[in-house]
Amino acid sequence: MKLLLTILAGITILGTKSTTLVIDARQGNEAQIVYYGSTVCPDDINGLAAAGYRGNSLYPAFGLKGADETAISVVQPDGSLTLDLKVSEVITEKWEGGQTVTVISKDPVYPISVKNVFKSYYEQDIIETWAEIGNEGRKPVTLTKYFSGHMPVHTGNVWLSSIYGTWANEGRVCQEPLTRGIKLIKNLDGVRNSHTAHAEAMISLDGKPQENSGRVIGLALEWGGNYELRFQTDDSDYHHVLAGICPENAPYTLAKGEIFTTPALAYSFSQEGLSGISRNFHKWGRKYRLAHGDRERKVLLNSWEGVYFNINEAGMDQMMGDIASMGGELFVMDDGWFGEKYPRKDDTTSLGDWKVDREKLPGGIASLVQMADRHGIRFGIWIEPEMTNSVSELYEAHPDWVLKAPGRDNVYGRGGTQLVLDMSNPAVQDFVFGVVDNLMTENPSIDYIKWDSNMNIRAYGSQYLKNQAHLEIEYWRGFAKTCDRIRAKYPDLTIQACASGGGRANWGVLPWFDEFWTSDNTDALQRIHMQWGTSYFFPAIAMAAHISAAPNHTVHRITSIKYRCDVASSGRLGMEIQPKNMTEFEKDFCRRVINDYKSIRPLVQFGDIYRIVSPFDGQGFASMMYVAPEKDKAVYYWWKLANFHDEHFARAVFAGLSPNRQYTIHELNRIDAMPLQCEGKTFSGRFLMENGLDLPKSNYPANREQSDWSSRVLLLTAL
Ligand code: GLA
């Protein structure tokens, strides 16, 4: 690995494989970001000023700079609102994946220091930045804004791609030119921070966003709580991108000697379009962020859409038997299994009472684990440990453990009785740790936990904290501490982050989790859209995608089993269905799909993503693929989005292949009576990428059960 690091008169260069960040941090001056983009050689760096690159404040502070947008603002002990950050030192260090640059700035008048850290991940072309704000004085200082970083982006034909959506409609893509004024993306849920909007965005520098060409900057805030992404376009030649914890209603009092560390903002630059940014984030995420990012995920059946709260031993046994017979490897029992005094029959009671309901499950969890053993699969279980209901033994014993504003009544969520536990309280942290610890101590062979979280912070108040303004931050600190404890004791456990579906798809949360539930909406057509947007920053290995019933339980659409399977098998494949309601044909088909999936699992879960035709572009179909890093194998997905007679589509073109290698085509998940014309034929990667194939517009199943939903999955194997 070649590290590029040269220091020329206060200029610091942080390089990754294909990118360069240039910082001007001359002692006594305000630190500036001069350049971020494709790799620049040292000679050209000396010419940056002559080329018109001018510095922009690296971490703009409020008070002495007029009307500029700022990354940090404070109230000094004497009431002054000013902060002046002047470089005192720059420290550069290597670590095994790259290097770090720490710019230390101090205020010449007030005892405040700020360290802006930049950490490069050389191979993945990612740079993280965060700030460590220190109060070196004797009196408390109030932070009223404390973003993670500032990234100036030169104006031009610059477009923003952001991700939005809510329950059952996650992962929508919004693409728009960055125009004058402020574009503000934020989340104030408190708990589920990838609902409403995502803490990630991409900025295309060469006009309308393209999947596989053009320069793009991608950024992701690694923080599970409230956030802001600000894109300000002012009178200068720059868009100013600022990102961090949302400072609204959260002034932070920095005690004497205290250091506040902001979450990291990760960014990347690529010349290979939006998909290029996705590949960088996926590689980095799998290697450095996601729990067990190098471990294949099991094919599972989750009980939720199959039986909802109607859990019982015989039913669980039947579902386990069915998933095992289809080749699945894990069964997850969802909500509805717990509650002694208040058995959980619906969503109005029992959260917090994590004791098995013996009426439903006389043999307890132990007998379910044994059952799974007998079926040759593993067992997993659902919990929602950060929450309670007012109708629960937990609430009766500890009413002071819920978030509640002093002197005010509870504000309820789901079921009219749900409440959020106060994760800032160490006693609650112990309790939440204990939920997992007790389950695992009693049943050490539980393989998987689905950790849900179905409410936002509504009543803004802690019965534990002295400073109510710290609630948002202390909730997340408490959550992080608890997750650290769980991971220290149970490093091998698989844990899914669910939050009313896809509310916790965020790189700040995933280090403790193996995956997230992408959405409670399992409709294949809508999933194509949701999984598309979610894949901007999150890899398929983390994106739980389940085959479910038709009509779909959320949108009531009827799609074919083939279509549902082809969409789910582009993510972390699972099932969310009552198998006993499936026909023998459907079960048989799923058996084949699961078998085919196992053969492409490394490709889907560790391959490089190339999105090709977007479902948001109105082309009538969407397509994408995963390519093995060695480019010897690839899997291509083609999904038709609607059915009209006499349609004429573009040819199916491929991406990411090696132009000079020959690839043989083989259709997976095949339902058609006749093989495709291209079945078993061989083409060069160049031909496939430049000319592609004409695929039939519909499926023609052997059983003649034609449906208006058509799709293809093709495996490409290099000779
Ligand atoms: C949430 C989750 C679902 C399911 C239910 C159970 O809505 O997103 O997958 O677990 O809770 O109550």
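The coordinates are above.
Predicted model, so just to flag it, every value in this text is computed and none were measured. (Residues numbered from 1 in each chain as written. Predicted model: local features only at pLDDT ≥ 70, side-chain atom pairs only at ≥ 80, totals over all residues. Heavy atoms only, no water.)

**Some details on the pattern of salt bridges**
Consideration 1: One pass over the full model with this rule turns up 45 salt bridges.
Consideration 2: Between Arg651 and Asp694 there is a salt bridge, with its nearest N and O atoms 4.0 Å apart. With Arg651 in the loop between β35 (633-640) and β36 (662-668) and Asp694 in the loop between α12 (685-690) and β38 (711-718), this residue pair connects regions lying 43 residues apart in the sequence.
Consideration 3: On the accessibility criterion, Arg651 (40% relative accessible area) is partly exposed.
Consideration 4: A single network of salt bridges, built from pairs that share partners, joins Glu69, Glu228 and Arg230. (Salt bridge = Lys/Arg side-chain N within 4 Å of Asp/Glu carboxyl O. Helix = DSSP H or I, 4+ residues; strand = E, 2+ residues; numbered from the N terminus. Buried < 20%, exposed > 50% of the residue type's maximum accessible area, 1.4 Å probe, protein only.)

**As for empty space enclosed by the protein**
Consideration 1: Applying the stated criterion across every chain yields a total of eight cavities of 30 Å³ or more.
Consideration 2: The set of elements that each furnish at least two residues to the lining of the largest cavity consists of α9 (524-534), β33 (608-613) and β34 (621-627).
Consideration 3: A breakdown of the residues in the lining of the largest cavity according to their chemical character gives eight nonpolar, three polar and one charged.
Consideration 4: Looking at the second largest cavity, the residues that line it are Thr522, Ala524, Arg527, Gln531, Ala545, His546, Ile547, Ser548, Arg564, Val567 and Ala568.
Consideration 5: The dominant element in the lining of the second largest cavity, judged by the number of residues it contributes, is strand β31 (residues 543-548), at four residues.
Consideration 6: Here the residues of the lining of the second largest cavity sort into five nonpolar, four polar and two charged. (1 Å grid on protein atoms, 1.4 Å probe; cavity = no way out; pocket = protein on both sides within 12 Å on 5 of 7 lines; lining within 4 Å. Points joined across faces, edges and corners; volume = space filled by probe spheres on them. Nonpolar A, V, L, I, M, F, W, Y, C, P; charged D, E, K, R; others polar.)

**Side note on the packing of aromatic side chains**
Consideration 1: In total, this model carries 37 aromatic pairs according to the counting rule given.
Consideration 2: Each ring, one from Tyr121 and one from Trp284, has its centre 5.9 Å from the other, and the planes form 85°; the classification is edge-to-face. Of the two residues, Tyr121 is situated in strand β9 (residues 112-121) and Trp284 in helix α2 (residues 273-289); the sequence distance between them amounts to 163 residues. Trp284 carries the same exposure label as Tyr121, and that label is buried.
Consideration 3: A ring pair is formed by Phe585 and Phe589, whose centres lie 6.3 Å apart and whose planes are at 20°; its orientation type is stacked. Of this pair, Phe585 and Phe589 both sit in helix α11 (residues 584-606), separated by four residues, roughly a single helical turn.
Consideration 4: Since its relative accessible area comes to 1%, Phe589 is described here as buried.
Consideration 5: Looking at Lys119, its charged tip hangs above the ring of Trp95, at a distance of 4.3 Å from the centre.
Consideration 6: Sitting over the ring of Trp517, Arg527 keeps its end group 4.8 Å from the ring centre. (Phe/Tyr/Trp six-rings, centres within 6.5 Å; stacked < 30°, edge-to-face > 60°. Lys NZ or Arg CZ within 6 Å of the ring centre and 35° of its normal.)

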